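One-letter residues, chain by chain:
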Amino acid sequence: MPFDKRSIVVRDFWTCQTCHKRVDQDKIQIAHRIKQDKTQTGKGSVAHIAGWLRDNDYPDMSVTEIVAKIINHPFNVCVTCSSNCNDAQNIFFNQENRDGLLKKIMDDIKVQG
């Protein structure tokens, strides 16, 4: 289930999840903890996720499904107030955190059906 910006902002109480300052409506950014690929062509993070799914016996997903169901999953996004705070949310290069979040997301997808 992809996120919608309003529900993420409300969930995060209009608060930057990095520096914990209240964020004005015109300054809100939505950070992806497992980063988005700039082109969404199946390279970078999408390719890593596809390999992780195979290695962990999850069903294959297309690039479009990975972006919609994992990259844009509510667990993978949060409110930030600036580019610096947005960058600080990126856990892609931290294997333990990244893979833990992928498992949490896949468990949620399984529950959602």
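Keep in mind that this is a model prediction, so the values were computed, not measured. In this convention, every chain numbers its residues from 1, walking through the sequence in written order. Since the coordinates come from a predicted model, pLDDT governs what is reported: local features require at least 70, and pairs of side-chain atoms require 80 or more to be given and counted, while whole-chain, interface and lining totals use all residues. Neither water nor hydrogens contribute to the side-chain values; these are computed over all heavy atoms in the structure.

## Some details on helix H2 (residues 45-55)
And then number 1: Those residues of H2 lying buried are Ser45, Val46, Ile49, Ala50, Gly51, Trp52 and Leu53.
And then number 2: Only heavy atoms matter for contacts: two residues are in contact if any of them lie within 4.5 Å across the pair. Helix numbers and strand numbers start at the N terminus; a helix is a DSSP run of H or I with at least 4 residues, a strand a run of E with at least 2. The inward-facing, buried residues of H2 abut helix H3 (63-71) and helix H5 (95-112). Partly exposed residues are those whose accessible area sits between 20% and 50% of the maximum for their type, while under 20% is buried and over 50% is exposed, using a 1.4 Å probe and protein chains only.

## Points about unusual backbone geometry
And then number 1: In the Ramachandran plot, Phe13 falls in the positive-phi region, its phi being about 55° despite a non-glycine side chain.
And then number 2: Along the chain, Phe13 falls in the loop between helix H1 (5-11) and strand S1 (29-32).
And then number 3: Classification of Phe13 by relative accessible area gives exposed; the value is 62%.
And then number 4: Despite not being glycine, Asp57 shows a phi value in the positive range, around 60°.

## Here we look at the packing of H2 against H3
And then number 1: Packing of H2 against H3 leaves a shortest axis separation of 10 Å and a crossing angle of 90°. One element, H2, and the other, H3, form an angle in the roughly perpendicular class. When H2 is examined against H3, the residues Ser45, Val46, Ile49, Ala50 and Leu53 are found in contact with a partner set consisting of Val63, Ile66, Val67, Ile70 and Ile71.
And then number 2: Only Asp, Glu, Lys and Arg are considered charged, only Ala, Val, Leu, Ile, Met, Phe, Trp, Tyr, Cys and Pro nonpolar, and every remaining residue, Gly among them, polar. Tallied by class, residues from the contact of H2 with H3 come to nine nonpolar, one polar and no charged. Where helices are involved, their axes are fitted lines through C-alpha atoms of the stretch in contact, as for all axes, and angles between N-to-C directions lie from 0 to 180°. An angle counts as roughly parallel when it lies under 35 degrees, as roughly antiparallel when it exceeds 145, as roughly perpendicular when it falls between 65 and 115, and as oblique in every other case.

## What about the nonpolar core?
And then number 1: Of all hydrophobic cores here, the largest spans 18 residues; its most connected members are Ile34, Ile49, Leu53, Met61, Ile66, Ile70 and Met106.
And then number 2: Elements with a contribution of two residues or more to this core: H2, H3 and H5.
And then number 3: Other than its neighbours up to four places away in sequence, Leu53 contacts Tyr58, Pro59, Met61, Ile66, Ile70 and Met106.
And then number 4: Buried Ala, Val, Leu, Ile, Met, Phe, Trp, Tyr and Cys residues form a nonpolar core when they are joined through side-chain atoms within 4.5 Å. One finds Ile8, Val9, Ile30 and Cys85 within the second-largest nonpolar core, a separate group that totals nine residues.

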